[in-house]
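# Residue-level structure breakdown
For reference, the chains in residue letters:
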Amino acid sequence: DQDNAEAHMRMIIGSAIAATALVGCASPDSVALEHRSELSAQARGVELGENGRVSNVGMFGTTCQVTTEFAMMQDDFDYDSDQDTVVDAETFPGQGITAVVITPDKINITTPNLFPWSNTFEAVGVVNAQLTDAGFVGLQVPVQGSSCDVVWYDATGQQVASPASLGVECDEQSDMTTDDASGTTWVSTNSGVVRITPDGSVLPVDDTANARLSWDSDANVLYLGALGGDTVRALEIDGALRWEVAVSGEITALAHMGEEANAAVSVSSSAGGELIVIDGVTGEIEADLPTPSAAMALDISGDGRVMAVTLPNSVHYFDILALQ
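Position numbers for residues start from 1 in each chain and track the written sequence from start to end. Totals for whole chains, interfaces and linings use all residues, but because this is a predicted model, local features are given only for residues with pLDDT of at least 70 and pairs of side-chain atoms are given and counted only at 80 or more. Only heavy atoms go into the side-chain values, all of them from the structure, while hydrogens and water stay out.

## Section: the overall build of the chain
Numbering of helices and strands starts at the N terminus; helices are DSSP runs of H or I of at least 4 residues and strands are runs of E of at least 2. The helix and strand tally for the chain stands at 1 helix and 28 strands. The globule rule used here is 2.2 Å times the number of residues to the 0.38 power, and the radius of gyration it is set against is calculated over C-alpha atoms. Over its C-alpha atoms the chain spans a radius of gyration of 19 Å, differing by no more than 12% from the 20 Å that the globule rule assigns to 324 residues. Along the first, second and third principal axes, the C-alpha atoms of the chain reach 55 × 45 × 35 Å. Taking all 324 residues of the chain together, the buried fraction comes to 56%. Exposure was quantified through the Shrake-Rupley algorithm and a 1.4 Å probe, taking into account, for residues, occlusion by the shown protein chains and nothing else. Surface exposure of the chain reaches about 13,800 Å², of which carbon and sulfur atoms provide 49%. Each charge class in the chain can be summarised by its mean position, and for the 10 positive and 48 negative side chains these summaries are 2 Å apart. The classification of residues rests on relative accessible area computed with a 1.4 Å probe and restricted to protein chains. Under 20% of the type maximum is buried, over 50% is exposed, and intermediate values are partly exposed. Here Asp and Glu are counted as negative and Lys and Arg as positive; His is not counted, and neither are the chain ends. Charge coordinates come from a single atom per side chain, which is NZ of Lys, CZ of Arg, CG of Asp or CD of Glu.

Below, the structure written as C-alpha cells:
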C-alpha cells in the first residue's frame with residue numbers, strides 16, 4: 001500500500017546505496033539520480049525554480065518555500081483558504097522564483113523576493129493556472145456543471161482576450177500546460193486533448209482521455225500520456241505526431257526536463273516503479289531507472305538538474321546526474 005511504499009522509499013534512500021547514484025540495469029543510461037532530501041508533508045503541488053535550490057509547496061492552509069538541499073522550510077505564505085494548491089512556478093530575471101497558487105475562485109501569484117510578496121486575482125471556478133511571459137492563463141469553470149473556459153490575463157490580472165470555451169467539462173482528472181512565449185495552451189479532458197490559442201481557436205489534437213500534459217519549450221514539443229496508460233506521445237505545436245513510445249508500466253506522472261529537452265515519466269510496475277527518460281527530439285529512451293514506488297507527481301528544475309517526486313505523505317528531492 002501507499003504507506004508501505006513510502007517506508008520502502010525511506011529505507012532505500014536512507015541506506016548506503018542512496019549515497020551513490022540509482023541507475024538502471026537494463027541498458028546504459030544517460031542520467032542517474034542521487035537523493036538530496038525528504039520533506040514529510042502531504043503536498044498540494046510542488047514546483048521548483050530555475051536552479052532547483054528552492055521549491056514552492058502547497059500544504060493544508062498555507063504554502064511554503066522549501067530549500068531542496070535539506071528540505072528546510074523558509075517562508076510560509078498564507079492565503080484566505082485552507083485549500084492552497086501550487087500549480088506552476090518560473091524564475092524571472094530581477095524577480096526570482098514566481099509561483100502560482102490557486103484557491104477557490106482566486107489565482108494567487110507568489111513572489112518571495114519582492115514586496116509585496118503576493119498578488120491575488122479573482123478567477124471564478126479556477127481549476128488550474130499557468131504562467132506566461134506576459135502574465136498567466138486560467139482554466140476555469142464559470143458555472144458549476146458548465147463547460148470549462150481558458151482565460152488569458154496580463155501581469156496585473158486584467159483579461160487580455162475573451163475566454164475560449166472548450167465545449168466540454170473539466171474535472172479533477174483534467175490537466176493543463178502552456179507555452180510561455182505564445183500563450184498557446186493545451187487542456188486534457190475526458191474527451192481528449194485540445195489546443196487553445198489566445199485568438200480563441202480551439203483545436204482537438206489527440207483523443208487520449210485524462211492525459212497528463214507537459215509542454216517542453218526547449219524541445220518545442222508537447223508530451224502527453226494517459227494516467228494508467230502505457231504510451232507517451234510527443235506532438236508538434238500544430239498537433240502533428242513527432243513520436244510515440246510504449247513504456248513498461250502504467251503512467252502515474254509526467255514532466256519535461258527543462259534545458260535537457262527530455263521527458264520524464266514515472267510508471268508503476270510489479271517491482272514498484274520506474275523513472276523513464278525519453279529524448280524529446282527523437283523519442284529514444286535515454287534512461288530507465290528503478291524506483292521503490294511510482295510518483296504521484298514530478299517536477300524538474302528549469303536547468304534540468306533537480307527533481308521533486310511527490311508521494312502521498314512526502315516529497316523527495318533528487319539531483320539528476322549526467323552520465324555522458
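So that's the structure; there's more coming.
## Considering the sheet that holds strand E10 (residues 126-131)
Strand pairing requires that DSSP identify at least two bridges connecting the strands. Pairing is antiparallel in the open sheet, where 4 strands are placed in the order E10-E11-E12-E13. Either end of the sheet is taken by a strand with one partner, and the two such strands are E10 and strand E13 (164-165). As defined by bridge partners, E10 adjoins strand E11 (residues 135-140) across 5 bridges and the pair is classed as antiparallel. Residue pairing across strands places asparagine 128 opposite leucine 139, the latter belonging to E11.

## A word on the state of the cysteines
Only a pair of cysteine sulfur atoms within 2.5 Å qualifies as a disulfide here. One pass over the full model with this rule turns up 1 disulfide. The disulfide bridge from cysteine 148 ends at cysteine 170, spanning 2.0 Å between sulfur atoms. An S-S torsion of about 60° defines the bridge between cysteine 148 and cysteine 170 as right-handed. With cysteine 148 in the loop between E11 and strand E12 (149-154) and cysteine 170 in the loop between E13 and strand E14 (175-178), this residue pair connects regions lying 22 residues apart in the sequence. One exposure class covers both cysteine 148 and cysteine 170, and it is buried.

## So, the side chain of serine 214
You can see serine 214 is positioned in strand E18 (residues 211-216). On the accessibility criterion, serine 214 (6% relative accessible area) is buried. Under the rule applied, a polar contact is a pair of N or O atoms within 3.5 Å (in protein, one hydrogen donor and one hydrogen acceptor; residues adjacent in sequence only if both atoms are side-chain atoms). Side-chain polar atoms of serine 214 contact the backbone nitrogen of histidine 256, separated by 3.0 Å. Two residues qualify as a contact provided that any one of their heavy atoms is within 4.5 Å of a heavy atom in the partner residue. If sequence neighbours within four positions are ignored, serine 214 has contacts with Thr177, Val221, Leu222, Tyr223, Leu254, Ala255 and His256.

## With respect to the nonpolar core
Soluble globular proteins: nonpolar side chains tend toward being buried together. Leu33, Leu275, Leu298, Met307, Val309 and Ile320 are the most contacted members of the largest nonpolar core, which has 18 residues in total. Every element with two or more residues in this core is listed here: strand E1 (31-40), strand E22 (250-256), strand E24 (272-279), strand E25 (285-291), strand E26 (297-300), strand E27 (306-311) and strand E28 (314-322). For this core, the element with the highest residue contribution is E27, accounting for 3 residues. Grouped together as the second largest cluster of nonpolar side chains are 16 residues, Tyr223, Ala234, Ala263 and Val267 included. Nine residue types can take part in a nonpolar core, namely buried Ala, Val, Leu, Ile, Met, Phe, Trp, Tyr and Cys, and a core is a set of them joined through side-chain atoms within 4.5 Å.

## Comments concerning the layout of surface pockets
The method works on a 1 Å grid over the protein atoms by themselves. A cavity is a set of points holding a 1.4 Å probe that cannot get out, a pocket is an open set with protein on both sides within 12 Å along at least five of seven lines, and residues with an atom within 4 Å of a point line them. Grid points are joined across faces, edges and corners, and a volume is the space filled by probe spheres set on the points. The volume enclosed by the second largest pocket comes to roughly 300 Å³. Going through the elements one at a time, strand E9 (118-122) and E11 are the ones with two or more residues in the lining of the second largest pocket. Looking at side-chain class alone, the lining of the second largest pocket contains 9 nonpolar, 6 polar and 1 charged residues. As a working rule, the residues Ala, Val, Leu, Ile, Met, Phe, Trp, Tyr, Cys and Pro are called nonpolar, Asp, Glu, Lys and Arg charged, and the rest polar, with Gly in that last group.

## Digging into a negative patch on the surface
To count toward a patch, a residue needs a relative accessible area above 30% and no salt bridge. Like charges then connect within 9 Å, nonpolar side chains (Val, Leu, Ile, Met, Phe, Trp, Tyr) within 5 Å. Here, a salt bridge means any side-chain nitrogen of Lys or Arg that lies within 4 Å of a carboxyl oxygen of Asp or Glu. Taken together, the side chains of Glu50, Asp218, Glu259 and Glu260 make up a negatively charged region of the molecular surface. Relative to the elements of secondary structure, glutamate 260 occurs in the loop between E22 and strand E23 (262-269).

## Side note on the side chain of asparagine 128
Following the sequence through the fold, asparagine 128 ends up in strand E10. With sequence-adjacent residues up to four places away left out, asparagine 128 is seen in contact with Val87, Ile102, Val137, Gly138, Leu139, Asp175 and Met176.

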